[in-house]
Amino acid sequence: MKRSLAIIGAGGHGRVVADCAEALGWGRIEFFDDEGVGTSSGPWPVVGATGALFERARDYDGVIVGIGANRARLERHRALVARGAAMAVLIHPSATVSRHARIDAGTVMFAGAVVNIGAVIGQACIINTGATVDHDDRLADGVHLSPGSHLGGGATVGECSWIGLGASVREGVSIGRDVRVGAGAAVVADAPDGMVMVGVPARPLKRNDDA
Ligand SMILES: CC(=O)SCCNC(=O)CCNC(=O)[C@H](O)C(C)(C)COP(=O)(O)OP(=O)(O)OC[C@H]1O[C@@H](n2cnc3c(N)ncnc32)[C@H](O)[C@@H]1OP(=O)(O)O
């Protein structure tokens, strides 16, 4: 029998999550979103508001939060875990994961992404298209690695931090929590909590107001 998957968030990121799930063979894919109930997002129906899933989570073989905003995604993920939902892990068929790496519940990995030996990826993370996580890296919960971003070996990324499009993080560097690394940055030294970092080499731009 085809497995059923509920996704919170029917926006752009949610559709990439659904597309990934379909490629993995999930059969009945349904969205929950506070907007557009009764319509569809891409080929998949929006069957209820977010709150409805909290009542119906156990009706699905898998549940995942497809919201791009890191704090919002992690909060909903944790609330669903508390309700006993079967949080899925979605790893696109063209992604590569070492059998000696760990990927926790609620995390998605899209096409062409790579996770190497010894890496640990927390819950509700996004390893976006073509991003790479190298040996012994540690990602806390709610991290987003944008498309084409790269971490050198032994790096750490704190809770809900967001590494921008095409950015690079030098090996061994520690990025705090709620950090935003701008597109194209090269982070070569530790980044403190709650900062926006941009440039090559990356420098603090301002506090991260979205944290
Ligand atoms: C599938 C997907 O789509 S995933 C989406 C992934 N998205 C990303 O990776 C985007 C990452 N975000 C960025 O790079 C953003 O520009 C941020 C977060 C760094 C800053 O955004 P904002 O706070 O809106 O800053 P804003 O655009 O007002 O720019 C402020 C200043 O920083 C500069 N700046 C902004 N981004 C960058 C950057 N990535 N590198 C260098 N300088 C930058 C701007 O030129 C501007 O400089 P100025 O004051 O001299 O004119």
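Residues numbered from 1 in each chain as written. Predicted model: local features only at pLDDT ≥ 70, side-chain atom pairs only at ≥ 80, totals over all residues.

This is how the line gets drawn: UniProt positions are given in the numbering used here, feature names are shortened, and annotations may be inferred rather than shown by experiment.
The chain appears in an unreviewed UniProt entry as PglD N-terminal domain-containing protein from Brevundimonas denitrificans. Checking UniProt for the chain, the heading Sequence similarities (unreviewed entry) contains the comment "Belongs to the transferase hexapeptide repeat family."

### Thoughts on the sheet that holds strand β19 (residues 168-169)
Going by this rule: Criterion used throughout: strands pair if DSSP finds at least two bridges between them. Strands here are runs of E lasting at least two residues and helices are runs of H or I lasting at least four, both read from the DSSP assignment and numbered beginning at the N terminus.
Strand order in this open sheet of six strands is β7-β10-β13-β16-β19-β22, and the pairing throughout is parallel. Among the strands making up the open sheet, the edge pair consists of β7 (96-97) and β22 (186-187). Alignment of β19 against β22, held across two bridges, turns out to be parallel. Residue pairing in the sheet places S168 in a bridge with A186 of β22.

### Regarding the pairing of strand β1 (residues 4-8)
The line we're drawing: In this scheme every C-beta is placed from the backbone, and a residue whose C-beta has 20 or more other C-beta atoms within 10 Å is buried, one with 12 or fewer is exposed, and one in between is partly exposed. Note on handedness: a crossover is taken as right-handed if, strands pointing away from the viewer, the path from the first strand over the helix to the second is clockwise.
Burial analysis of β1 places four of its five residues in the buried class, the great majority of the element. Two elements, β1 and strand β2 (residues 28-32), share five bridges in a ladder whose sense is parallel. Following the sheet pairing, L5 is matched in β2 by I29. With helix α1 (residues 12-23) bridging β1 and the parallel β2, this β-α-β connection has right-handed handedness. In this sheet, strand β5 (residues 62-65) lies alongside β1 in parallel orientation, the contact comprising four bridges. Across the sheet, the residue bridging to L5 is G62, located in β5.

### Considerations on the environment of S161
Applied cut-off: By definition, residue pairs are in contact when their C-beta atoms, positioned from the backbone, come within 7 Å.
Note on placement: S161 falls in the loop between β17 (156-157) and β18 (162-163). For S161, the contacting residues outside a window of four places in its chain are V143, I175, G176, R177, D178 and V179.

### Some words on the domain arrangement of the chain
Where interface size is given, it is often the accessible area lost as the parts come together that is meant. Condition: Domain start and stop positions are those given by an automatic or database domain assignment. Residue type decides the class: Asp, Glu, Lys and Arg count as charged, Ala, Val, Leu, Ile, Met, Phe, Trp, Tyr, Cys and Pro as nonpolar, and the leftover types, Gly among them, as polar.
Annotation of the chain at the domain level lists domain 1 (4-88) and domain 2 (91-202). Taking only C-alpha atoms, the centre of domain 1 and the centre of domain 2 are 23 Å apart. Listed per partner, the contact involves 13 residues of domain 1 and 13 residues of domain 2. Every element with two or more residues in the side of domain 1 that touches domain 2 is listed here: α1, β5 and α3 (70-82). At five residues, the largest contribution of residues to the side of domain 1 that touches domain 2 is made by α3. In the side of domain 1 that touches domain 2, the residues fall into nine nonpolar, two polar and two charged.

### Side note on unusual backbone geometry
Peptide bonds are mostly trans, and most non-glycine residues show a negative phi. With an omega of -5°, the peptide bond running from V200 to P201 counts as cis. Note that P201 resides in the loop between β23 (195-198) and β24 (203-207). Its identity is not glycine, yet A124 carries a phi of approximately 55°, on the positive side. Relative to the helices and strands, A124 is located in the loop between β11 (120-121) and β12 (126-127). Looking at A124, the number of C-beta atoms within 10 Å reads 29, which means it is buried. Unusually for a residue other than glycine, D136 sits at a positive phi of about 65°. A residue is classified by how many C-beta atoms lie within 10 Å of it, and D136, with 17 of them, is partly exposed.

### Considering the environment of A52
Relative to the helices and strands, A52 is located in helix α2 (residues 50-56). Residue A52 is classed as partly exposed on the basis of its C-beta count, with 14 C-beta atoms lying within 10 Å. With 128 residues separating them in the primary sequence, A52 and R180 have C-alpha atoms 32 Å apart.

### A closer look at the sheet that holds β12
Strand order in the open sheet formed by eight strands is β6-β9-β12-β15-β18-β21-β23-β24, and the pairing between neighbours is mixed. What marks the edges here is a single partner per strand, and that holds for β6 (90-91) and β24. By the bridge criterion, two bridges tie β12 to strand β15 (residues 144-145) in an arrangement that is parallel. Each residue of the ladder has a partner; that of I126, found in β15, is H144.

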